[in-house]
Amino acid sequence: MSLLLALLLAAMPEAGPEYLPEGPAARWLTVTRGGVPRARLVVMTRAVAIRETGPKETVARFGETYDFSPSFLAVRQGEPTEIEFWNLQPDDLHDVFVIAEDQSVLVHLRLPPLSKIVYTFTFHRPGLYAYVCGLHAPEMAGQILVLPEEKE
Ligand SMILES: [Cu+2]
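None of the values given here were measured: they were computed from a predicted structure.

A. Up close: the sheet that holds strand β7 (residues 105-111). The strand order β4-β10-β9-β6-β7 describes an open sheet built from five strands, whose pairing is mixed. Across the chains shown, the open sheet's two edge strands, defined by having one partner strand only, are β4 (72-76) and β7. Across the sheet, the mean angle separating the axes of adjacent strands is 20 degrees when strand polarity is ignored. In the sheet, β4 pairs with strand β10 (residues 141-147) via five bridges, with the strands oriented parallel. Within β10, the residue paired with Val75 across the bridge is Val146.

B. Fine view of the sheet that holds strand β1 (residues 29-32). With mixed pairing, five strands are arranged side by side in an open sheet as β1-β8-β5-β2-β3. The open sheet has two free edges, formed respectively by β1 and β3 (65-69), since each of these has just one partner strand. Within the sheet, the average angular offset between the axes of one strand and its neighbour, ignoring direction, is 25 degrees. Where strand β2 (residues 39-49) and strand β5 (residues 81-87) come together, six bridges link them in parallel fashion. Following the sheet pairing, Leu41 is matched in β5 by Ile83.

C. Structural context of the environment of Ser104. Assignment of secondary structure puts Ser104 in the loop between β6 (94-99) and β7. It is 7.5 Å that separates the C-alpha atoms of Ser104 and Ala25, two residues lying 79 residues apart in sequence.

D. The arrangement of the pairing of β3 in detail. Here β3 shows a buried face lined by Tyr66 and Phe68 and an unburied face lined by Thr65, Asp67 and Ser69. Note that β2 and β3 share five bridges and pair antiparallel. When the sheet's bridge partners are listed, Ala47 is paired in β3 with Tyr66.

E. The arrangement of the environment of Leu111 in detail. One can find Leu111 in strand β7. Residue classification places Leu111 among the buried positions, given that 20 C-beta atoms sit within 10 Å. In the structure, Leu111 is positioned 18 residues away from Leu93 in sequence and 6.2 Å away in space, judged by C-alpha atoms. Discounting chain neighbours no more than four positions away, the residues touching Leu111 are Thr45, Phe85, Asn87, His94, Asp95, Val96 and Ile117.

F. Up close: the nonpolar core. Val98, Ile99 and Tyr131 are the most contacted members of the largest nonpolar core, which totals 29 residues. Residue assignment for this core shows that the elements contributing at least two residues are β1, β3, β5, β6, β7, β8 (115-123), β9 (127-132) and β10.

G. Representation of the environment of Leu88 within the structure. Looking at the secondary structure, you find Leu88 in the loop between β5 and β6. Spatially, the C-alpha atoms of Leu88 and Arg46 are 6.9 Å apart, while their sequence positions differ by 42 residues. Look past the residues within four positions of Leu88 in its chain and what remains in contact with it is Met44, Thr45 and Arg46.

H. Molecular detail of the pairing of β5. Every second residue of β5 is oriented toward a common face, the buried set being Thr81, Ile83, Phe85 and Asn87 and the non-buried set Glu82, Glu84 and Trp86. Here β5 runs beside β8; their pairing, made up of seven bridges, is antiparallel. Paired with Trp86 across the bridge in β8 is Lys116.

About the thresholds
- Residues numbered from 1 in each chain as written.
- Predicted model: local features only at pLDDT ≥ 70, side-chain atom pairs only at ≥ 80, totals over all residues.
- Pairing = 2+ DSSP bridges.
- Helix = DSSP H or I, 4+ residues; strand = E, 2+ residues; numbered from the N terminus.
- Axes fitted to C-alpha atoms, helices over the stretch in contact; angles between N-to-C directions.
- Buried ≥ 20, exposed ≤ 12 C-beta atoms within 10 Å, placed from the backbone.
- Contact = placed C-beta atoms within 7 Å.
- Core = buried A, V, L, I, M, F, W, Y, C linked by C-beta atoms within 7 Å.

On their own, these measurements won't tell you what the molecule is for.
Below you can see the structure in the form of structure tokens.
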């Protein structure tokens, strides 16, 4: 993670409003509900070390830690891809920011305890994007590699 991204995350409000890409952000990414996706992916939230189940020493040293599983996705430019996020924790709020290569924040979605949210993501530019939980950054994060559109 870049220093710029780390600084950006540190400045994020913990409970800001949800938003989908609009204006300049829509040049990177379109996010819709429904549609006919070409690919489907599920990303789950995982408790790595938490107060309830420990290990106690790890929680004492690092605080409660979570991650996204998987933390790396590859999608194809221009191909509608359904991504379903599952929050497996009964008592922890997570959220999802999607961030472009130029560090612009494209999306913010809330992921309440024991919920699934599903959207169709269509990335318009190849490159490397990040997805991050603003409440558990920097460790709860992943990358999305957008492969260039296949030329016929
Ligand atoms: Cu989180």
